[in-house]
Amino acid sequence: MNSSRLAQRLVQLGFLGAVVLAWYLTTMQGHINPLLLPPLGSVYREFVSLLETGQFWPDLRTTLYELAIAFLLAAGAGTLIGYTVSRSGYAIKVFDPLFAGLYAIPTILLFPLYVLFFGIGPASKIAMGATIAFFPVVLHTTSGLSYVKEAYVTAARSMGASPRQMFWNVMLPAAFPVLLTGLRMGLILAFLSILGTETIASFSGLGHQIVELGENMDTAKMFAYIVFVICIAFLLNAAVSFAEARGQRDLA
Amino acid sequence: MKRKLHPATARLGIIAIALFVWEVAARRFGDPLFMSPPSRVLVAIFQLAHEKEILAAVALTCWELLVAFALSVIMGLVLGLIVGLNRFTRGSMYPVILLLYATPQAMILPLFVLTFGIGTASKIAFGVSHGIFPVMLTVAAGVQNIPPILLTSARSMGANRRQILASVIFPHMIPSFFTGLRLGMTAVLFGVLLAELYVSQSGIGHFTTEFTQTFQPQNLFALVAVLAAIAVTLNELCRWAESRFSRWHA
């Protein structure tokens, strides 16, 4: 088992190595226009200078600020409304398909309108991110809370649990994994749509920076920024996984 | 309220009330440059239906969606099976796919445009880059959650590898496969439309930008409403297929 895990790690490393090697070889010989795929070395130099000079800070701050506000709005509204709806089976039947249907609508199309309403600054990205992230949160909250096993609820009630105890000690722990999935999807969708809307219309943020570099044909620096954003996404993901494991352990 | 309305009726009622509030609010307080009541949007839909350019743009977007979705499903299915069926490839590649899935593709949108041009190809490619991952992940997860007892009993009854694939693994995979189709559909919509908005030379993105900049909210809403109707229809189709093909799944 242990040696097969090691082999799997080796395959993963090999995959990464193959990508890097292919990149290095194709760009070295000049087979590919450096505007499309810049040489590995120059991307590395740009990346190092990016980290050294710290010029990514203003854009990173804007994007993370937008993400934080959008996620808090979506998570707050989503859990609150989801909880309210999950209180009654009738409300679930009425609202759940409604939210699911709205979720299927590509909200991103409304973005030009959001720019009209909220301006071209961070507000329109926050609103867009919050709108898109709201639906997975509310859908998962409703389904998580409404599918708690009947036996748990009956047992707790027969042991005389108050409504508050019922919520904190029975409903929440039982629904927790599903709730977390919703929050996680919400966070990823918010990040995705904020970066996406920054590329469409913005004056700041990581998405805007990348597009601007691309339009100025400064591809080496653009790739450096892309690598940087991938690192941020990776860290964000790791943080969520950590919080998830932590939360599950605390509730167990 | 003694007798409760049927949930679907109540839902329609809520939608009707929302439309009514929107109508009144837009007429009384809304700035006609930014906001448009639903009645005018409805009129605009019929007006736009006569404009050839807009019809062509909608048809083009539908074509992009269709191709991107088909490519995502085929490639996602094949890759998902390759990754999911073998214990070793699953262990090694599944985390890689998860990581790629969590990476926001939106920021490499300029790269897609550089590589595939500003035409249809870049939008399809960008849509595929969004749609392929949900399909791949759900297929890989679907074939891996098969209870071992089913495989053992099939094998002990003398099924060969092909029979096991056809009669045990595929049927078991179907519910999660259709979930993947639905998620993939949503992702493809997001990807294609985002690319449309970014490169707004032709197609839907061009018109949404134009309607916004020339302050014709009724046309913008009409266009969004048509696309939303298409999206909801596609979604319902996937949901229907999901329940239809997993009916035997108790």
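Predicted model only: the values in this text are computed from it and were never measured.

Now for the overall build of chain B. Of regular secondary structure, chain B possesses 10 helices and 0 strands. When its helices and strands are written in sequence order, chain B yields α-α-α-α-α-α-α-α-α-α. Relative to the globule expectation of 18 Å for 250 residues, the C-alpha radius of gyration of chain B, 23 Å, shows a markedly less compact shape. Seen through its C-alpha atoms, chain B measures out along the principal axes to roughly 75 × 60 × 30 Å. Per-residue burial for chain B yields a buried fraction of 37% across its 250 residues. Sequence separation of at least 24 residues holds for 76% of the intrachain contacts in chain B that already meet a minimum separation of 6.

For helix H4 (residues 89-104) of chain A, with 16 residues, the first-to-last C-alpha span of 23 Å sits near the 22 Å given by 1.5 Å per residue. Residues of H4(A) that are buried: Val94(A), Phe95(A), Asp96(A) and Ala104(A).

Let us look at unusual backbone geometry. Most peptide bonds take the trans form, and the phi angle of most residues other than glycine is negative. Even without being glycine, Met217(A) reaches a positive phi, approximately 60°. Relative to the elements of secondary structure, Met217(A) occurs in the loop between helix H9 (206-215) and helix H10 (219-251). If you check the backbone angles, Phe215(B) has positive phi at about 55° while not being a glycine. A tally of 13 C-beta atoms within 10 Å means that Phe215(B) is categorised as partly exposed.

Our focus in this paragraph is the nonpolar core. Formed by 108 residues in total, the largest nonpolar core has its most connected members in Ala133(A) and Ala190(A). Counting residues per element, this core draws most heavily on helix H8 (residues 161-198) of chain B, at 15 residues. Non-local contacts of Ala133(A), meaning those with residues more than four positions away in its chain, are made with Ala70(A), Phe71(A), Ala74(A), Gly186(A), Leu187(A), Leu189(A) and Ala190(A).

Moving on, we come to the packing of helix H3 (residues 52-85) of chain B against helix H9 (residues 203-213) of chain B. Packed helices, taken two at a time, are described by the angle between their axes plus the distance between the axes. Residues and elements named next belong to chain B. Taken N-terminus to C-terminus, the directions of H3 and H9 make an angle of 130°; their axes are 7 Å apart at the nearest point. Between H3 and H9, the crossing angle belongs to the class labelled oblique. Residues Ile54, Ala57, Val58, Leu60 and Thr61 of H3 lie in contact with H9, whose contacting residues are Gly203, Ile204, His206 and Phe207. Residue composition of the contact of H3 with H9, by class: 6 nonpolar, 3 polar and no charged.

This next bit is on the confidence of the model for chain B. For any part of a model where pLDDT is low, the fine detail of the predicted coordinates should not be relied upon. Across chain B, the average pLDDT comes to 82, with 96% of residues at or above 70. Two numbers describe this predicted complex: its pTM, 0.80, and its ipTM, 0.74.

Okay, helix H6 (residues 120-144) of chain B next. Residue and element names in this part refer to chain B. Here H6 spans 36 Å end to end across 25 residues, near enough to the 36 Å set by a 1.5 Å rise per residue. Its axis deflected by about 30° at Gly131, H6 carries its strongest bend there, up to four residues before the proline Pro134. Of all the 25 residues making up H6, 20 are buried; the element is thus mostly covered by neighbouring parts of the structure.

The next point concerns the interface of chain B and chain A. Between chain B and chain A, the residue contacts involve 39 residues of the former and 42 residues of the latter. Among the elements of the structure, helix H1 (7-28), helix H4 (87-102), helix H5 (109-116), H8, H9 and helix H10 (217-245) of chain B are those that each provide at least two residues to the side of chain B that touches chain A. Considering only residue class, the side of chain B that touches chain A consists of 28 nonpolar, 9 polar and 2 charged.

Residues and elements named next belong to chain B. Packing of H3 against H8 brings their axes to within 9 Å, and their N-to-C directions diverge by 135°. One element, H3, and the other, H8, form an angle in the oblique class. As for the relative orientation of H3 and H8, their crossing is right-handed in sense. Residues Thr61, Glu64, Leu65, Ala68, Phe69, Ser72, Val73 and Gly76 of H3 lie in contact with H8, whose contacting residues are Leu181, Gly184, Met185, Val188, Leu189, Val192 and Glu196. Looking at side-chain class alone, the contact of H3 with H8 contains 9 nonpolar, 4 polar and 2 charged residues.

Let us look at the environment of Ala133(A). With respect to the helices and strands, Ala133(A) occurs in helix H6 (residues 122-146). Judged by the 31 C-beta atoms lying within 10 Å of it, Ala133(A) is buried.

Our next topic: the environment of His130(B). All names here are of chain B. Assignment of secondary structure puts His130 in helix H6. For the pair His130 and Ser72, spaced 58 residues apart in the sequence, the C-alpha separation amounts to 8.3 Å. When near neighbours in sequence (up to four residues on either side) are disregarded, His130 contacts Gln105, Ala187, Val188, Phe190 and Gly191.

Thresholds, definitions, all that
Residues numbered from 1 in each chain as written. Chains lettered and ligands numbered in written order. Predicted model: local features only at pLDDT ≥ 70, side-chain atom pairs only at ≥ 80, totals over all residues. Helix = DSSP H or I, 4+ residues; strand = E, 2+ residues; numbered from the N terminus. Rg over C-alpha atoms; globule rule 2.2 N^0.38 Å. Buried ≥ 20, exposed ≤ 12 C-beta atoms within 10 Å, placed from the backbone. Contact = placed C-beta atoms within 7 Å. Expected span 1.5 Å × (residues − 1). Core = buried A, V, L, I, M, F, W, Y, C linked by C-beta atoms within 7 Å. Axes fitted to C-alpha atoms, helices over the stretch in contact; angles between N-to-C directions. Parallel < 35°, antiparallel > 145°, perpendicular 65-115°, else oblique. Nonpolar A, V, L, I, M, F, W, Y, C, P; charged D, E, K, R; others polar. pLDDT = per-residue confidence, 0-100. Bend = angle between axes of the 7 residues up to and from the residue. Left-handed = near helix turned anticlockwise from the far one by under 90°.

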